[in-house]
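Report on the structure
Single-letter residue listing:
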Amino acid sequence: MLVSAPGRAQVDAGMLGRVLGQRDPGRPLSIVVELPAGAATPPGLTLLGPGFAAFRGSAQTVAALGAAHPDWRLDWAPPRRTLLNVADDVTRAVRFRDFTGLMGKGVVVGIVDTGFDPKHPDLRDAQGKSRVTWALDLSRGPYGKHPDLESEYGCTAPANGCAVFSGADLDELIAGDSVQLPRDTLGHGTHVASLALGNGLSDNPPKYVGIAPEATMIGVRVTRTGDGAILDPDVLLATRFVFERAEALGLPAVVNLSLGSDFGGHDGLTGLERGLAASVGPEHPGRAIVVAAGNSGGIYGPISQSYPEPFGIHTEVHVPRASSVRVPIVAPSVGKSSTQATIYVWISGRPGDALSVGVDDADGEWIEPLPPGEGAAYSDKGVEVTILNQVVDDTSPIASGSNGAVVVIEGTWKSGATFAIRLEGHGTARLWLQSEGDLAPGAGSPGALFPRASKEGTIGIPASNAELISVGATVNRIAWTDRAQHHLALEKLGNMSPPVSDSAAYFSGAGPNALGQMKPDLVAPGAFVIGAMSTLADPSKNGGAGIFAGSSVCGDQPDCLVVDDFHALSSGTSMAAPIVTGAVALLFQRDPKLDQNAVRTLLQAGAKALGGKVPIEQQVGPGELDLVGTLAVLGSDDSPLGSLPDRNESWVAFASSYVHPDPSWPVEGVLQLRSAEERVVDGFNPASLALEVDGGRVTTPLTRVAPGLWRFSLSADAKTGGSQLTARVVFAGEPLIIRTLPIAVDHSLVDDGADARGGCAVAGSRDLPWWFLISIVWLLSRNTRKRC
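Criteria and cut-off values
Counting restarts for each chain, with residues numbered from 1 along the sequence as it is written. Under the rules for a predicted model, residues below a pLDDT of 70 receive no local features and side-chain atom pairs below 80 are neither given nor counted, while totals for whole chains, interfaces and linings still include all residues. Only hydrogens and water are set aside when side-chain values are computed; all heavy atoms of the structure are taken into account. For Phe, Tyr and Trp, rings pair up if their centres lie within 6.5 Å, where Trp contributes its six-membered ring, and each pair is then called stacked (planes under 30 degrees apart), edge-to-face (over 60) or tilted (otherwise). Three exposure classes are used, based on accessible area relative to the maximum for each residue type with a 1.4 Å probe and protein chains only: buried under 20%, partly exposed in between, and exposed over 50%. Helix numbers and strand numbers start at the N terminus; a helix is a DSSP run of H or I with at least 4 residues, a strand a run of E with at least 2. Here, a charge over a ring means that NZ of Lys or CZ of Arg falls within 6 Å of the ring centre while also lying within 35 degrees of the ring normal. Strand pairing is assigned whenever DSSP detects at least two bridges linking the two strands. Axes, fitted as lines to C-alpha atoms, cover a helix only where it is in contact. Angles between the N-to-C directions of the axes lie from 0 to 180 degrees. Any two residues having at least one pair of non-hydrogen atoms within 4.5 Å are treated as being in contact. It is the rotation of the near helix from the far one that decides the hand of a crossing: anticlockwise by less than a right angle makes it left-handed, clockwise makes it right-handed. In the scheme used here, Gly and all other residues not listed as nonpolar or charged are polar, with Ala, Val, Leu, Ile, Met, Phe, Trp, Tyr, Cys and Pro taken as nonpolar and Asp, Glu, Lys and Arg as charged. In the cavity and pocket records, a cavity denotes points on a 1 Å grid over the protein atoms alone where a 1.4 Å probe fits but cannot get out, a pocket denotes an open set with protein on both sides within 12 Å along at least 5 of 7 lines, and lining residues are residues with an atom within 4 Å of a point. Grid points are joined across faces, edges and corners, and a volume is the space filled by probe spheres set on the points. Positive charge is attributed to Lys and Arg, negative charge to Asp and Glu, and no charge count is given to His or to the chain ends. A pair is scored as a salt bridge if a Lys or Arg side-chain nitrogen falls within 4 Å of a carboxyl oxygen belonging to Asp or Glu. Each polar contact in these results corresponds to two N or O atoms within 3.5 Å; when the atoms are within protein, one needs to be able to donate a hydrogen and the other to accept it, and residues that are neighboring in sequence are counted only if both atoms are side-chain atoms. Residue types Ala, Val, Leu, Ile, Met, Phe, Trp, Tyr and Cys, when buried and joined through side-chain atoms within 4.5 Å, form a set referred to as a nonpolar core.

A look at the packing of aromatic side chains
- For the structure on display, the rule yields 11 aromatic pairs.
- Consider the rings of Trp413 and Phe419, whose centres lie 5.1 Å apart with planes at 80 degrees: the pair is edge-to-face.
- Classification of Trp413 by relative accessible area gives buried; the value is 7%.
- Residue classification places Phe419 among the buried positions, given a relative accessible area of 4%.
- For the pair Phe684 and Trp710, a centre-to-centre distance of 6.1 Å together with 15 degrees between the ring planes defines the contact as stacked. Highlighted residues: Phe684 in the loop between strand S30 (667-672) and strand S31 (689-694) and Trp710 in strand S33 (residues 709-715), separated in sequence by 26 residues. Comparing Phe684 with Trp710, the two get one shared label, buried.
- Taken together, the ring pairs connect Phe263, Tyr344 and Trp346 into an aromatic cluster.
- We note Arg350 situated over the ring of Trp665; from NZ or CZ to the ring centre the distance is 4.0 Å.
- Over the ring of Trp366 we find Lys381, and its NZ or CZ is 5.7 Å from the ring centre.

As for the sheet that holds S33
- Taken in spatial order, the 4 strands of this open sheet run S29-S30-S33-S32, and their pairing is antiparallel. Strand pairing shows two members of the sheet lacking a second neighbour, strand S29 (651-654) and strand S32 (697-706), which therefore form its edges. The mean inter-strand angle of the sheet, taken between neighbouring strand axes irrespective of direction, is 20 degrees.
- By the bridge criterion, 6 bridges tie S30 to S33 in an arrangement that is antiparallel. Pairing of Glu668 across the sheet is with Ser713, part of S33.
- Along the sheet face, helix H12 (residues 596-605) touches S30, S32 and S33 and points at about 95 degrees away from the line of S33.

Notes on the sheet that holds strand S9 (residues 163-166)
- The strand order across the open sheet built from 8 strands is S9-S8-S10-S7-S11-S13-S22-S25, with neighbouring strands paired in mixed fashion. The two strands at the open ends of the sheet, each matched to only one other strand, are S9 and strand S25 (522-527). Between one strand axis and the next, the sheet turns through 25 degrees on average, direction left out of account.
- Bridge count for strand S11 (residues 253-257) against strand S13 (residues 287-292) is 5 bridges, and the pairing is parallel. Note on S13: the bridge partner recorded for Val254 is Ala288.

So, the packing of helix H7 (residues 188-197) against helix H11 (residues 573-590)
- Their axes nearest at 7 Å, the elements H7 and H11 cross at an angle of 35 degrees. You can see that H7 and H11 cross each other, and the crossing is right-handed. Of H11, the residues touching H7 (which contributes His188, His191, Val192, Leu195 and Ala196) are Ser574, Met575, Pro578, Ile579, Thr581 and Gly582.
- Class assignment for the residues of the contact of H7 with H11 results in 6 nonpolar, 5 polar and no charged.

Here's the deal with the pairing of strand S7 (residues 108-113)
- S7 sits mainly inside the fold: 6 of its 6 residues count as buried.
- Residue alternation in S7 divides its side chains into two sets, Val108, Gly110 and Val112 and Val109, Ile111 and Asp113, and both sets are buried.
- Pairing of S7 with strand S10 (residues 216-221), which is carried by 6 bridges, proceeds in the parallel orientation. Across the sheet, residue Val112 finds its bridge partner in S10, namely Val220.
- Bridge count between S7 and S11: 5 bridges; the pairing is parallel. Bridging from a neighbouring strand, Gly110 pairs with Val255 of S11.

Details of the environment of Ala59
- Mapped onto the secondary structure, Ala59 falls in helix H2 (residues 59-68).
- You can call Ala59 buried: its relative accessible area is 9%.
- Taking the C-alpha atoms as reference, Ala59 lies 6.6 Å from Leu29; in sequence the two are 30 residues apart.

A look at empty space enclosed by the protein
- Of the voids in this model, the largest cavity is the one considered here, and its volume is about 220 Å³.
- Along the wall of the largest cavity there are 21 residues; nearest its centre are Glu316, Glu456, Pro512, Ser656 and Tyr658.
- Elements with a minimum of two residues in the lining of the largest cavity: strand S14 (314-330), strand S21 (418-437) and S30.
- Top contributing element to the lining of the largest cavity by residue count: S14, with 3 residues.
- Residue composition of the lining of the largest cavity, by class: 8 nonpolar, 9 polar and 4 charged.

Description of the side chain of Asp502
- Examined against the element boundaries, Asp502 turns out to sit in the loop between strand S24 (487-489) and S25.
- Although Asp502 is buried, it makes no salt bridge; Lys608 carries the closest opposite charge, 5.1 Å away.
- A distance of 2.8 Å separates a polar side-chain atom of Asp502 from the backbone nitrogen of Gly611.
- Among residues more than four places away in sequence, those in contact with Asp502 are Val90, Val475, Leu610, Gly611, Gly612, Lys613 and Glu624.

Focus: the pattern of salt bridges
- Evaluated as defined, the whole model comprises 24 salt bridges.
- Between Asp361 and Lys381 there is a salt bridge, with its nearest N and O atoms 2.5 Å apart. Residue Asp361 is located in strand S16 (residues 354-361), and its partner Lys381 is located in the loop between strand S18 (374-380) and strand S19 (383-389); the two are separated by 20 residues in the primary sequence.
- For Lys381, a relative accessible area of 48% puts it in the partly exposed group.
- Here Asp694 makes a salt bridge to Arg728, at a shortest N to O gap of 2.7 Å. Here Arg728 lies in strand S34 (residues 724-731) and Asp694 lies in strand S31, a separation of 34 residues in the sequence.

Brief notes about H7
- With 10 of its 10 residues buried, H7 lies for the most part within the structure.
- Taken together, the buried positions of H7 are His188, Gly189, Thr190, His191, Val192, Ala193, Ser194, Leu195, Ala196 and Leu197.

Section: the nonpolar core
- Phe528, Val580, Val584, Leu603, Leu625 and Leu627 are the most contacted members of the largest nonpolar core, which totals 84 residues.
- When residues in this core are grouped by element, the largest group, 11 residues, is from H11.
- What Leu627 contacts, discounting residues up to four positions off in sequence, is Thr91, Arg92, Ala93, Phe96, Ile211, Ala583, Leu586 and Leu603.

Side note on the pairing of S30
- The buried fraction of S30 is high, at 5 of 6 residues.
- Bridging between S29 and S30 involves 4 bridges; their strand directions are antiparallel. Opposite Phe654, over in S30, you have Gly669 as the bridge partner.

Structure representation (structure tokens):
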């Protein structure tokens, strides 16, 4: 049954509620409002940052707000989620601190997360005082000690509620009424905070020390409820709170965001990403934002010999002119007869593409494809489907210029059912999935999946924004001793058996973003990292629940991730991001006027190649955090660097594993020059370095960015698909590095060669039957996967 007829009208209240999976018309929504340039924040809205505000209300009031203010842009998304020592052997942070004396003193580290444990010794100083100078808690009502600040940040608004605490408030509560203290029941925020700035004082001598152990912390609990859901306006509000409180203290600040999701165009244009990017940059020296790359890089299979693998949350298909392409969606069984869930699909195209979007179910064609510029909602068989195909208005999540479409499938269906996105017209479509309800990843399911998926392009949101520093994860350790003195060793991690230290973590989101820009910006240890454990997250005290419950890893040893009464292991790009955040704090102590791009450049120039396995280089970007390498770059004016690059130690990284046959679609590359002694190479005559290309062209010539760090881009001509592009870096007339990239219209042709099927696509008449009738059982080795 058609709920709303196709057309170009604004997204109405009913459609808005359905798209966000909120059928209750009275349930409040949180919306990011982008205001016209120079506009003041109107009454009823909360300022989030330059040009952005928050509004909370029902779907009806949100729709009415958009109708009353057509010059405002309203941006919304389903909830983001947190993205769930040996690390020093990789980052060499201790050597950096020893050489420089820098410990993060005089720098604010903002932890925007699930909260923090104020009583944890690693977050208090030697006198037992809190190292948290300010805290904002969005899970409760006003505390009342700072009414002006609570009013400023919207805590007193009826639909919001939050509390502001000073460091002195926390010390009073620690000594007295601990019931009023901020809490971290999930444990994620406490763990993340300690990796950035923990001082290790829970042990004597300190054992598990963060990267910047003398930094000042500002903590924000951004989860309003206990389910871990995080709303975009709250992330922006929290970031504003950190930067403004740090500015009041006269200190530089770096904000850590170990959170994200897969809903959006992966082009940096969501309201969340643009709002965050507006808070950093050349006009904001002494500010930086570090974001986890996301944990959606895992691809799974084999499920069955009859169906294409691997399975994952991202795929890419080419739609030839006058053809129909079906991209199946697997909604796996959840252990019961029916599934109640919401599946969000984002489809992104290139400028000039013209794709109509429809939906099929297991019986075949279901909803006719809608052409660009149209949107509609449908209801049938207990399932509601909303399609917004390039509907760009003030209440659509699709930003102007993104050439995107959104499909939302919400309701109850037979467990194990399949759906499909049907595409007609012409262009190259990139698709991403996000699941909620019974299919939420981590709730006994991997979530909805595409067959013949790609690890490449799984960088999360907001990490896909070019202005934000995104961090992927490497394997930190493969063996440890738990609290009960059991010695444990991983036999398998993802597809690695046995696991290898200093490898790319299988789950870590890979670039590029949808614009072809290289992501992540850096990688750091993120698999089985030891950090602080909130008392409320100790599995021996909470019934074996939470992120430190080890039953999925160790079976009959549920405490196996706990190493002592104060520390535990966790995995995810959530753990990698704060390690880089701590490194930024060290750089800000040295020079508080550095801006976001300067910090990123220094860290990338000092990066090193991984010593373990790298399934695809797009998970790694320019390299792995190495603070001693960054120190060499910082001292390059005073200390000699290597002058002759070595072909075994230098490397090239490409943003994509293949080149599109389109000169307007270049592939970015990074060249890292290192000597035979693994030292950064600089100071040579630039004329001795050259880039040569066969089968394509140099779009952007080799450009020096920093000592040892060069950038370039390449492209291929039209109608060259099926051939190869060869790039040669030449030094002093001799080949230094030679790399070959295939030329293809989509990733599936790189893997499988020419086929009538583009990815999981069927080319030809719309009346063709499905190629795939897919069923899936969630198969997880006990040692293969942990999402935090």
